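# Fold and geometry: a report
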Amino acid sequence: RDDQALLYLYRPAELRRDLESGLARDILARQNYPEGCQRCVAKLIRRFREGDFPHEVGLFLSYPPEDVQGFIQHRSRDFKCAGLWKVYGDEEKAQQLFTRFRRCTEDYCARWRSGSNIEQLTVAS
């Protein structure tokens, strides 16, 4: 959009792991995603540009595939619990991920406020 940008940073090996699970591959295949991480990211960009929100984006954010599938199938209803996403699968695992992601976000926000730039924040620590 003219007044907004979405910045997506990822570690290729971790994204490959996330997208290669059987259920993730099935979800992506139903949306006509190609093979290969870079090609999948390019397709995701096109999906965003088409205007409809691509719910499979959760797969690119390390959300559990069963939760992404549940969200799509249940049209965001009938979830077990909600945090950073709506949970349809393992609640305990999701709560652990919510905590991990929240701590990571807090750490990166603190680094940003203390003067770290984007390049410094993208280096694994």
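Below is a short write-up of the structure. Nothing here was measured: the structure is a model prediction, and the numbers come from that model. (Residues numbered from 1 in each chain as written. Predicted model: local features only at pLDDT ≥ 70, side-chain atom pairs only at ≥ 80, totals over all residues. Heavy atoms only, no water.)

With a phi close to 65°, S62 is a non-glycine residue in the positive phi region. The backbone phi angle of D78 is positive, close to 60°, even though this residue is not glycine. Here D78 shows up in the loop between α5 (65-74) and β1 (81-82). (Helix = DSSP H or I, 4+ residues; strand = E, 2+ residues; numbered from the N terminus.)

This brings us to the packing of helix α1 (residues 12-19) against helix α3 (residues 37-49). Where α1 meets α3, the closest approach of the two axes is 10 Å, and the angle between their N-to-C directions is 80°. Classified by the interaxial angle, the pair formed by α1 and α3 is roughly perpendicular. Residues P12, L15, R16 and L19 of α1 pack against C37, C40 and V41 of α3. Within the contact of α1 with α3, the residues separate by chemical class into six nonpolar, no polar and one charged. (Axes fitted to C-alpha atoms, helices over the stretch in contact; angles between N-to-C directions. Parallel < 35°, antiparallel > 145°, perpendicular 65-115°, else oblique. Contact = heavy atoms within 4.5 Å. Nonpolar A, V, L, I, M, F, W, Y, C, P; charged D, E, K, R; others polar.)

Side chains that differ in sign of charge can pair as their charged atoms come close. Summed over all chains, the structure comprises five salt bridges. Across the pair D18 and R17 runs a salt bridge whose closest N-O atoms are separated by 2.9 Å. Put simply, R47 and E50 hold a salt bridge, and the shortest N to O gap is 4.0 Å. The class of E50 is exposed, set by a relative accessible area of 57%. (Salt bridge = Lys/Arg side-chain N within 4 Å of Asp/Glu carboxyl O. Buried < 20%, exposed > 50% of the residue type's maximum accessible area, 1.4 Å probe, protein only.)

What follows covers the nonpolar core. Grouped together as the largest cluster of nonpolar side chains are 14 residues, with contacts concentrated most on L15, L19, L28, Y33, C40, L59 and F60. Counting residues per element, the ones that place at least two in this core are α1, α2 (22-30), α3 and α4 (57-60). If one sorts the elements of this core by residue count, α3 sits on top with four residues. Filtering out sequence-adjacent residues up to four positions away, L15 remains in contact with Y8, Y10, C37, V41, L59 and F60. (Core = buried A, V, L, I, M, F, W, Y, C linked by side-chain atoms within 4.5 Å.)

In this section: the side chain of D67. Assignment of secondary structure puts D67 in helix α5. No salt bridge is formed by the buried D67; its nearest oppositely charged neighbour, K80, is found at 7.2 Å. A polar contact is formed between the side chain of D67 and the side chain of W85, at a distance of 2.9 Å. Within the local environment of D67, its side chain forms a polar contact with the backbone nitrogen of G89, the two atoms lying 2.8 Å apart. With residues near it in sequence (within four places) discarded, D67 still touches W85, K86, V87, Y88, G89 and A94. (Lys, Arg positive; Asp, Glu negative; His and termini not counted. Polar contact = N/O pair within 3.5 Å; in protein donor to acceptor, adjacent residues only side chain to side chain.)

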